[in-house]
Amino acid sequence: MAEPKPPWWLKPMNKLLMVVMKTGLMKDGPLVLTVTGRKSGQPRSTPITPFEVDGQRYVVGGFPGADWVRNAQANPNAVLVRGKVREPVLMVELSPEQARPLLRRFPTLVPTGVGFIKNAGLVTGPHPDEFEALAGRCSVFRFDDV
(Lines give C-alpha, C1' and ligand atoms only; values in the text may rest on other atoms or scores of the structure.)
Protein backbone atom coordinates (compact mmCIF):
# COMPACT_ATOMS: atom_id res chain seq x y z
CA MET A 1 0.00 0.00 0.00
CA ALA A 2 1.37 3.41 -0.96
CA GLU A 3 1.90 5.83 1.87
CA PRO A 4 -0.38 8.88 1.90
CA LYS A 5 1.00 12.15 0.58
CA PRO A 6 0.50 15.49 2.30
CA PRO A 7 -2.26 17.66 0.79
CA TRP A 8 -1.17 20.34 -1.69
CA TRP A 9 -2.09 23.14 0.72
CA LEU A 10 0.03 21.91 3.64
CA LYS A 11 3.32 23.65 2.77
CA PRO A 12 1.73 27.07 2.07
CA MET A 13 -0.36 26.75 5.25
CA ASN A 14 2.74 25.81 7.28
CA LYS A 15 4.59 28.87 5.94
CA LEU A 16 1.69 31.14 6.93
CA LEU A 17 1.44 29.52 10.37
CA MET A 18 5.18 30.01 10.97
CA VAL A 19 4.90 33.73 10.10
CA VAL A 20 2.10 34.10 12.65
CA MET A 21 4.05 32.08 15.22
CA LYS A 22 7.15 34.30 14.82
CA THR A 23 5.11 37.29 15.98
CA GLY A 24 4.91 35.68 19.41
CA LEU A 25 1.12 36.18 19.49
CA MET A 26 0.52 32.43 19.78
CA LYS A 27 1.59 31.53 23.31
CA ASP A 28 0.36 27.93 23.20
CA GLY A 29 0.08 25.35 20.48
CA PRO A 30 2.58 24.54 17.77
CA LEU A 31 6.29 25.20 17.86
CA VAL A 32 8.59 25.65 14.90
CA LEU A 33 11.03 22.78 14.44
CA THR A 34 14.16 23.56 12.44
CA VAL A 35 16.30 20.70 11.19
CA THR A 36 19.15 20.56 8.67
CA GLY A 37 18.12 19.49 5.18
CA ARG A 38 19.63 16.09 4.40
CA LYS A 39 20.38 17.06 0.77
CA SER A 40 20.76 20.84 0.86
CA GLY A 41 22.41 21.21 4.26
CA GLN A 42 20.18 24.27 4.72
CA PRO A 43 17.87 24.85 7.71
CA ARG A 44 14.35 23.53 7.09
CA SER A 45 11.48 24.58 9.36
CA THR A 46 8.02 23.21 9.98
CA PRO A 47 5.36 23.70 12.64
CA ILE A 48 4.92 20.79 15.02
CA THR A 49 2.80 20.05 18.06
CA PRO A 50 4.89 18.29 20.70
CA PHE A 51 3.38 16.57 23.71
CA GLU A 52 4.70 15.65 27.12
CA VAL A 53 4.65 12.32 28.96
CA ASP A 54 6.40 11.81 32.30
CA GLY A 55 8.44 14.99 31.89
CA GLN A 56 9.71 14.08 28.40
CA ARG A 57 8.65 15.84 25.19
CA TYR A 58 7.78 13.94 22.01
CA VAL A 59 6.53 14.57 18.51
CA VAL A 60 4.84 12.25 15.99
CA GLY A 61 5.57 12.46 12.27
CA GLY A 62 2.04 12.74 10.85
CA PHE A 63 3.02 11.45 7.43
CA PRO A 64 5.27 8.42 6.94
CA GLY A 65 8.46 9.60 5.26
CA ALA A 66 7.73 13.32 5.69
CA ASP A 67 10.67 15.51 4.67
CA TRP A 68 11.24 16.84 8.20
CA VAL A 69 11.23 13.27 9.55
CA ARG A 70 13.84 12.13 7.03
CA ASN A 71 15.91 15.23 7.76
CA ALA A 72 15.78 14.53 11.52
CA GLN A 73 16.75 10.91 10.90
CA ALA A 74 19.78 12.09 8.90
CA ASN A 75 20.79 14.80 11.41
CA PRO A 76 19.09 14.68 14.82
CA ASN A 77 20.39 18.09 15.95
CA ALA A 78 17.46 20.50 15.82
CA VAL A 79 16.09 23.74 17.22
CA LEU A 80 12.64 24.32 18.70
CA VAL A 81 11.36 27.89 18.42
CA ARG A 82 8.44 29.60 20.15
CA GLY A 83 8.31 33.30 19.34
CA LYS A 84 11.83 34.57 19.97
CA VAL A 85 12.90 31.68 22.22
CA ARG A 86 15.21 29.15 20.53
CA GLU A 87 16.00 25.83 22.19
CA PRO A 88 18.58 23.43 20.74
CA VAL A 89 17.55 19.78 21.10
CA LEU A 90 18.62 16.32 20.04
CA MET A 91 15.86 14.32 18.35
CA VAL A 92 15.94 10.66 19.36
CA GLU A 93 13.79 8.39 17.20
CA LEU A 94 12.01 5.72 19.22
CA SER A 95 11.70 2.07 18.29
CA PRO A 96 8.19 0.83 17.43
CA GLU A 97 8.04 -0.86 20.85
CA GLN A 98 8.91 2.41 22.61
CA ALA A 99 6.50 4.38 20.41
CA ARG A 100 3.39 2.22 20.91
CA PRO A 101 2.34 3.50 24.37
CA LEU A 102 2.96 7.10 23.30
CA LEU A 103 0.97 6.71 20.10
CA ARG A 104 -1.84 5.17 22.16
CA ARG A 105 -1.99 8.36 24.25
CA PHE A 106 -1.62 10.73 21.30
CA PRO A 107 -5.39 11.19 20.62
CA THR A 108 -5.91 12.46 24.16
CA LEU A 109 -2.71 14.50 24.42
CA VAL A 110 -2.84 16.10 20.94
CA PRO A 111 -6.49 16.20 19.90
CA THR A 112 -5.68 18.69 17.13
CA GLY A 113 -3.39 16.07 15.57
CA VAL A 114 -6.16 13.47 15.33
CA GLY A 115 -7.91 15.25 12.47
CA PHE A 116 -4.63 15.71 10.64
CA ILE A 117 -3.74 12.02 10.85
CA LYS A 118 -7.33 11.01 10.07
CA ASN A 119 -7.34 13.24 6.96
CA ALA A 120 -4.11 11.55 5.89
CA GLY A 121 -6.06 8.27 5.84
CA LEU A 122 -3.93 6.68 8.55
CA VAL A 123 -6.74 6.27 11.13
CA THR A 124 -10.53 6.45 11.13
CA GLY A 125 -10.87 8.37 14.39
CA PRO A 126 -9.40 9.01 17.83
CA HIS A 127 -9.13 5.31 18.62
CA PRO A 128 -6.03 4.47 20.71
CA ASP A 129 -5.70 1.04 19.06
CA GLU A 130 -5.46 2.62 15.60
CA PHE A 131 -2.83 5.10 16.74
CA GLU A 132 -0.83 2.38 18.47
CA ALA A 133 -0.87 0.44 15.19
CA LEU A 134 1.03 3.33 13.54
CA ALA A 135 4.19 2.30 15.44
CA GLY A 136 6.90 1.60 12.89
CA ARG A 137 4.96 3.50 10.24
CA CYS A 138 4.88 7.02 11.70
CA SER A 139 8.08 8.08 13.41
CA VAL A 140 8.01 9.20 17.03
CA PHE A 141 10.86 11.33 18.36
CA ARG A 142 11.85 12.32 21.88
CA PHE A 143 13.44 15.74 22.38
CA ASP A 144 16.55 15.61 24.56
CA ASP A 145 18.22 18.73 25.92
CA VAL A 146 21.69 19.51 24.58
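Data block above holds the structure.
Residues numbered from 1 in each chain as written. Predicted model: local features only at pLDDT ≥ 70, side-chain atom pairs only at ≥ 80, totals over all residues. Heavy atoms only, no water.

## Describing the sheet that holds strand β2 (residues 43-48)
With respect to topology, seven strands assemble into an open sheet ordered β2-β1-β5-β6-β7-β4-β3, the strand pairing being antiparallel. Strands at the two margins of the open sheet, each flanked by one partner only, are β2 and β3 (51-53). Ignoring strand direction, the axes of neighbouring strands in this sheet form an average angle of 40 degrees. Bridge analysis of strand β6 (residues 85-93) against strand β7 (residues 140-145) gives five bridges, and the strand direction is antiparallel. (Pairing = 2+ DSSP bridges. Helix = DSSP H or I, 4+ residues; strand = E, 2+ residues; numbered from the N terminus. Axes fitted to C-alpha atoms, helices over the stretch in contact; angles between N-to-C directions.)

## Concerning the pairing of β6
Of the strand pairs in this sheet, strand β5 (residues 77-82) and β6 are connected by six bridges, and their pairing is antiparallel. What sits directly across from Val79, in β6, is Pro88. Hairpin connection from β5 to β6: two residues lie between these consecutive antiparallel strands, with Gly83 at a positive phi of about 60 degrees.

## What to know about helix α2 (residues 67-74)
Where α2 is concerned, the buried positions are Trp68, Val69, Asn71 and Ala72. Taken around the axis of α2, the buried residues stretch over an arc of 165 degrees, which confines them to a single face. Where α2 is buried, its residues meet β1 (31-36), β2, β4 (56-60), β6 and β7. (Buried < 20%, exposed > 50% of the residue type's maximum accessible area, 1.4 Å probe, protein only. Arc of directions from axis to C-beta. Contact = heavy atoms within 4.5 Å.)

## Quick look at the pattern of salt bridges
With the rule as written, the count across this model stands at eight salt bridges. The closest approach of N and O atoms between Asp129 and Arg104, which form a salt bridge, is 2.6 Å. One end of the pair, Asp129, is in helix α5 (residues 128-132); the other, Arg104, is in helix α3 (residues 96-109), and 25 residues separate them in sequence. Take Arg104: its relative accessible area is 34%, and that puts it in the partly exposed class. Of the charged contacts in the structure, one is a salt bridge between Arg104 and Glu132, with a shortest N-O distance of 2.8 Å. With Arg104 in helix α3 and Glu132 in helix α5, this pair connects stretches of sequence that are 28 residues apart. By relative accessible area, which is 24% here, Glu132 ends up partly exposed. Through salt bridges that share partners, Arg38, Asp67 and Arg70 make up one connected network. (Salt bridge = Lys/Arg side-chain N within 4 Å of Asp/Glu carboxyl O.)

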